[in-house]
Amino acid sequence: MRRVAILGSGDLAATLARRLAERELARAVVLVDADDGRARGKALDIAQSGPVEGFDCVVEGARDLATAGPCDALVVADAPDLADLGGQAASPRLVEAVRSGVRSGPVLVAVAHACGLVEALVESGLARERVLGSVAIAQSGALRRHLADELGTEPSGIAAHVLGRPPHALIAPREAATVGGVRVDARAPAALRRALGEVNRRAPGPVALAEAAACLFRALRGSRPTVLPVVAVLRGEYGHRGRALAVPAGVAAGALQEVVEAALDPVERVALDNALRGL
């Protein structure tokens, strides 16, 4: 991906622009905000750190997508008309701006309440393979951190991920939660429940969200699928169609390749269904 547009210039957008620039995941990054002075100022600050930190990425600001120029990927971050309605609705103006803002390539929704916008973008005509939310990567990381604290070990030794409706209606499949190859439930029966409660209690902040989006970008640049927890619209997987959920999925070559159906017990299946119903 040579040129990436990021909608917004707030904390999330600026942090993500910096992550993409310093890791050179794009050749150019454009912060897009109606307050183009703010966008250009943030962009200049990031660009001026390049010679010091050793990265060579163009970082710019623009007032709208038309002036941002042709882009290979688009990220929704701090767009001012992103309606925060618990993830259940999205501004029609924002949907149209995103839909027409990039002709091909992926569209990433980096905000915590990603499901409603992901659904709206696919309903508007974008292919579901192109539209992905990255918040579940951040929340899966938080789950592993809380489990590490519960078990007195390092997060790197834990395998676990979330499913459901981010940021506050998530489950964690027990079969997939292991530490050193041993199920977490076998080590500490209540640890997964307590860790998941902490994750559901607090939405991730801008730094975690930016890191999650950068992680998804890196995977999308690869030629072989990497399985990550992402927000995607389902097509019959997990028994649902047309709704967006956080699910494990293989991503590569700029698109969703497949949704992976994790093993769920009957209680987890009901919890997942209830998350979609808002219960």
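So, a few notes on the structure that sits alongside this text. (Residues numbered from 1 in each chain as written. Predicted model: local features only at pLDDT ≥ 70, side-chain atom pairs only at ≥ 80, totals over all residues. Heavy atoms only, no water.)

## Quick look at the environment of Cys 71
And then number 1: If you trace the backbone, Cys 71 turns up in the loop between helix 3 (65-68) and strand 4 (73-76).
And then number 2: On the basis of relative accessibility, which here comes to 11%, the residue Cys 71 falls in the buried class.
And then number 3: In this structure, the C-alpha to C-alpha distance between Cys 71 and Arg 3, residues 68 residues apart in sequence, is 5.0 Å.
And then number 4: Residue contacts for Cys 71: discarding those within four places in its chain leaves Arg 3, Val 4, Ala 5, Val 102 and Ser 104. (Helix = DSSP H or I, 4+ residues; strand = E, 2+ residues; numbered from the N terminus. Buried < 20%, exposed > 50% of the residue type's maximum accessible area, 1.4 Å probe, protein only. Contact = heavy atoms within 4.5 Å.)

## Here's the deal with helix 5 (residues 115-123)
And then number 1: With 8 of 9 residues buried, helix 5 lies mostly within the body of the structure.
And then number 2: Here helix 5 has its buried residues at Cys 115, Gly 116, Leu 117, Val 118, Glu 119, Ala 120, Leu 121 and Val 122.
And then number 3: Among the residues trailing helix 5, Gly 125 stands out with phi positive, at a value near 125 degrees.

## Focus on the packing of helix 6 (residues 135-151) against helix 8 (residues 191-201)
And then number 1: The N-to-C vectors of helix 6 and helix 8 enclose an angle of 135 degrees; their axes lie 9 Å apart at closest approach. Considering the angle they form, helix 6 stands oblique to helix 8. In terms of crossing hand, the pair formed by helix 6 and helix 8 is right-handed. Contacts between helix 6 and helix 8 pair Gln 139, Ala 142, Leu 143, His 146, Leu 147, Glu 150 and Leu 151 from the former with Ala 191, Leu 192, Arg 194, Ala 195, Leu 196, Glu 198 and Val 199 from the latter. (Axes fitted to C-alpha atoms, helices over the stretch in contact; angles between N-to-C directions. Parallel < 35°, antiparallel > 145°, perpendicular 65-115°, else oblique. Left-handed = near helix turned anticlockwise from the far one by under 90°.)

## With respect to the pattern of salt bridges
And then number 1: Under the defined criterion, the tally for this structure stands at 21 salt bridges.
And then number 2: One salt bridge in this structure joins Asp 36 and Arg 40, with 3.7 Å as the shortest N-O distance. One end of the pair is Asp 36 and the other is Arg 40, both in helix 2 (residues 36-53) and 4 residues apart, which spans about a single turn.
And then number 3: The exposure class of Asp 36 is partly exposed, given its relative accessible area of 26%. (Salt bridge = Lys/Arg side-chain N within 4 Å of Asp/Glu carboxyl O.)

## A word on the sheet that holds strand 10 (residues 178-179)
And then number 1: Pairing is antiparallel in the open sheet, where 3 strands are placed in the order 7-10-11. Either end of the sheet is taken by a strand with one partner, and the two such strands are strand 7 (158-159) and strand 11 (182-183).
And then number 2: As paired strands, strand 7 and strand 10 are joined by 2 bridges and run antiparallel to one another. Opposite Ala 159, over in strand 10, you have Thr 178 as the bridge partner. (Pairing = 2+ DSSP bridges.)

## Some words on unusual backbone geometry
And then number 1: Note the cis peptide between Pro 166 and Pro 167, where omega equals 5 degrees.
And then number 2: As for its placement among the helices and strands, Pro 167 is situated in the loop between strand 8 (163-165) and strand 9 (169-171).
And then number 3: Of note in this structure, Tyr 238 is not a glycine but carries a positive phi near 60 degrees.
And then number 4: In this structure, Tyr 238 sits in the loop between strand 12 (226-235) and strand 13 (241-252).

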